[in-house]
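Here are the chains, one letter per residue:
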2 protein chains.
Amino acid sequence: MRRERATDMPANRRPPADQNVDSSAVRVTVLGADDNGPPGLDRIRAQADVALAWDEASLRKALPGTDVLLVTDFRTESLEAAWPAADRLQWVHAASAGVDQLMFDALVDSDIPVTNAQGTFDRNIAEYVLGAVLMFAKDSKNNVRYQQDRQWVHRDTETILGKQLLVVGAGSIGREIGSLCRAAGMQVSGIARSARGADEVFDVVHAADQLDQHLPHADYVVVAAPLTEATEHWFDAQRFAAMAPHARFINIGRGAIVVTDDLVAALQSGDIAGAALDVFETEPLPAHHALWGMANVLMSAHMAGDFIGWQEALTDQFLDNLARWRAGEVLFNQVSKRHGYAPGNQKANA
Amino acid sequence: MRRERATDMPANRRPPADQNVDSSAVRVTVLGADDNGPPGLDRIRAQADVALAWDEASLRKALPGTDVLLVTDFRTESLEAAWPAADRLQWVHAASAGVDQLMFDALVDSDIPVTNAQGTFDRNIAEYVLGAVLMFAKDSKNNVRYQQDRQWVHRDTETILGKQLLVVGAGSIGREIGSLCRAAGMQVSGIARSARGADEVFDVVHAADQLDQHLPHADYVVVAAPLTEATEHWFDAQRFAAMAPHARFINIGRGAIVVTDDLVAALQSGDIAGAALDVFETEPLPAHHALWGMANVLMSAHMAGDFIGWQEALTDQFLDNLARWRAGEVLFNQVSKRHGYAPGNQKANA
């Protein structure tokens, strides 16, 4: 949707012609959280010579001779550390929506394209968000508690019809959230880097620098933005104070977009009424953290996007792009290394 | 939608002309659960001479001379007991969707029209059902438990996109449930007294006597039927055995449509995977009941329809119908006393 500088998204370097014939000539290293490899690994092995890595040491060993790096652990810090060992790397694919851990200077400054898993998690995340909205409206967490206490306690509850949802981050995930919540009867507006008019999802999309003007009008604020220098610690005490006291805050983006201590304080003081959090500054969240014990907080373990079968789906998506790469075609889901995320709808337009 | 016998829905008896002028000449008795009267009582008092009743004794005292009975307690058994004292009753309005407690022989056999609160609760109930579906799909109850235990436990979760929802009872409430769940991406079919074709909500509506053929294909089964002789204890061991082992059962109709012991057994044996229950054979459900302690059950206190402001909305609805009655017009939301519920869309057609 946005125009990128020509240098921002490097064209794919066509692989040597003989690699199109002999699959074993393509070397793919899979960087995961452990040495198991992802589900569907056999299907990658059928297409390429595969090495596994799971930490800095194993990655340093695997990188020499690697053409393509598939990063399945979105939390990894190993690539930056092992980077000097990448002697012929031509493409990095992140099997995740967020690529924040890959935006280190050496990779950003290189002409190696980075692609991501845009689209894969959108629907499940949207369902998670609508579910959280309905849990707040219907006081569902207290239903669970009253059930545990065997207490029959009738309450009147809120409707979501016509309620204002502000989606901060109007990219692929944010649009799917807006689309589903609009279908369920909510009024949906968005926040993006720059303002744009109404479309079939958003009543209006405001520019990020106008956020504080629009926060007070939202019944629900959902963070669906990537973690970048511009969004890190964006939601602090000032943002929460700008929200309505009855409003709920939902974060399915990245934990570090929030100043967690400020969020805890806002929930305790009544600056906001509740929060649903799938992501945290530190993951797993330590057991002693105040958020665990808060009655007005819904928590989950960074799983909003992870539908049953997601790992197989990610392997399929990588293999689709690998086929393009081998054919010398333009890769889809290319990340703008300048902005730290992939602009929307690349696959559809490709 | 269905054709009724001419005698099934009595035409309104036009009140004496002088009652159209002098509001105090209309006597309205309000039968509630206590002696407080409903919110908005003053607005009824502005239109009529009002008496309050809350049990058989107070109702016996109030009924003589009463023209219109407004029943705000859907659980009341007082009207049947006090019925002989109704010496000039012309209309009974139930401020509830269910009228099962009013379908006793003396009232059914009379030509006194019964109206109900059809439409008022539809949207909130539909939101409750979609919320329950999403809580099952996203394993939200376990998120609450893990949070209580301060445990970070990642799981993959289900999507609702394309899942089959079978709405048992395709009336006003069932249609709103189907409409909302279809908008959220589910496949929706219905069960009604007689079969009918696809429309904008239902892929198909099957006849009630075909229920067992269609239960195995549903991922979610929602009971939105009225309690009548035909539906009492309809969902028994045989119905639950016909459902898929992964399916969830949601009841927002009436508890007595279910054989509760059979439901508990089906949940324990794995005949079905879970249940969301807002209504019970005995309400409040006793503290010792097995359902309270079941991990795969979501419970609430007969509150699915009760949005904030519902009592005022019910008073408004009664006053709308009272104005019609005083003008000698046909009442809306007339209950078919033969079937025990109000056919859909009467107000829109009136």
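Refer to the structure above for everything that follows.
First things first, this report covers the structure right here in the doc. Per chain, the residues get numbers from 1 upward, laid out in the order the sequence is written. All chains are assigned letters beginning at A, and all ligands numbers beginning at 1, according to the order in which they are written. For this predicted model, a pLDDT threshold of at least 70 governs which residues receive local features, and a threshold of 80 or more governs which side-chain atom pairs are given and counted, while totals over whole chains, interfaces and linings are taken from all residues. With hydrogens and water stripped out, all remaining heavy atoms of the structure feed into the side-chain values.

Some points on the side chain of Lys337(B)
All names here are of chain B. By the element assignment, Lys337 lies in the loop between helix H11 (310–326) and helix H12 (346–349). For the buried Lys337, no salt bridge is present, and the opposite-charge side chain at shortest range is Asp111, 6.7 Å distant. In this structure the side chain of Lys337 is engaged in a polar contact, spanning 3.0 Å, whose partner is the backbone oxygen of Leu107. A polar contact is formed between the side chain of Lys337 and the backbone oxygen of Ser110, at a distance of 3.0 Å. Numbering goes from the N terminus for both helices and strands, where a helix is a DSSP run of H or I of at least four residues and a strand is a run of E of at least two. Each residue is assigned to one of three classes by its accessible area relative to the maximum for its type, calculated with a 1.4 Å probe on protein chains only: buried under 20%, partly exposed between the two thresholds, exposed over 50%. Charge counting follows a simple rule: Lys and Arg are positive, Asp and Glu are negative, and His as well as the terminal groups are ignored. Each salt bridge in this description consists of a side-chain nitrogen of Lys or Arg and a carboxyl oxygen of Asp or Glu lying within 4 Å of one another. Here a polar contact is recorded for every N or O atom pair within 3.5 Å, except that within protein the pair must consist of a potential hydrogen donor and a potential acceptor, and residues adjacent in sequence are included only if both atoms are side-chain atoms.

Points about the pattern of salt bridges
Residues and elements named next belong to chain A. Inspection of every chain in the model, using the stated rule, returns 30 salt bridges over all chains. Note that Arg88 and Asp67 form a salt bridge whose closest N and O atoms lie 2.4 Å from each other. Taken together, the positions of Arg88 in the loop between helix H3 (78–82) and strand E4 (91–94) and Asp67 in the loop between helix H2 (56–62) and strand E3 (68–71) put the pair 21 residues apart, joining distant regions of the chain. On the basis of relative accessibility, which here comes to 37%, the residue Arg88 falls in the partly exposed class. In this structure Asp67 comes out as buried when scored by relative accessible area, which is 0%. Residue Arg75 is joined to Glu283 by a salt bridge in which the shortest nitrogen-to-oxygen separation is 2.7 Å. A residue pair is termed long-range when its members are at least 10 positions apart, and Arg75 in the loop between E3 and H3 and Glu283 in the loop between strand E11 (274–277) and strand E12 (297–299) qualify at 208 residues. Since its relative accessible area comes to 36%, Arg75 is described here as partly exposed. Classification of Glu283 by relative accessible area gives buried; the value is 18%. Through salt bridges with shared partners, one network takes in Arg43, Glu312 and Asp316.

With respect to a negative patch on the surface
A surface patch of like charges, here negative, comprises Glu77(A), Glu80(A), Asp105(A), Asp109(A), Glu229(A), Glu232(A), Asp261(A) and Glu281(A). For Glu281(A), the location among the structural elements is in the loop between E11 and E12. Patch definition: residues above 30% relative accessible area lacking any salt bridge, with like charges linked at up to 9 Å and the nonpolar side chains Val, Leu, Ile, Met, Phe, Trp and Tyr linked at up to 5 Å. Computed with the Shrake-Rupley method and a 1.4 Å probe, the accessible areas treat only the protein chains shown as cover for residues. To locate a charge, the coordinates of NZ of Lys, CZ of Arg, CG of Asp or CD of Glu are taken.

So, the packing of helix H6 (residues 140–148) of chain A against helix H6 (residues 140–148) of chain B
Contact pair H6(A) / H6(B): the axes reach a minimum separation of 10 Å and the direction vectors enclose 70 degrees. The orientation of H6(A) relative to H6(B) falls into the category roughly perpendicular. Together, Lys141(A), Val144(A), Arg145(A), Gln147(A) and Gln148(A) of H6(A) and Lys141(B), Val144(B), Arg145(B), Gln147(B) and Gln148(B) of H6(B) make up the contact between the two elements. Note that Gly is not counted as nonpolar here; it falls among the polar residues with everything else outside the nonpolar set of Ala, Val, Leu, Ile, Met, Phe, Trp, Tyr, Cys and Pro and the charged set of Asp, Glu, Lys and Arg. For the contact of H6(A) with H6(B), the residue count by class is two nonpolar, four polar and four charged. In this analysis an axis means a line fitted to C-alpha atoms, helices contributing only their contacting stretch, and an angle means the value between N-to-C directions, from 0 to 180 degrees. Angular relationships are summarised with four words: roughly parallel below 35 degrees, roughly antiparallel beyond 145, roughly perpendicular across 65 to 115, and oblique for the angles in between. Note on contacts: a residue pair qualifies if any of its non-hydrogen atoms lie within 4.5 Å across the two residues.

Structural notes on H6(B)
Since the α-helix packs 3.6 residues into each turn, any two residues three or four apart lie on the same face. Buried within H6(B) we find Ser140(B), Lys141(B), Asn143(B), Val144(B) and Gln147(B). Considered in projection along H6(B), the buried side chains sweep an arc of 160 degrees and stay on one side of the axis. Buried residues in H6(B) make contact with helix H5 (122–137), H6 and E12 of chain A together with helix H5 (122–137) and strand E12 (297–299) of chain B. When we speak of the arc, we mean the arc of directions from the helix axis to the C-beta atoms.

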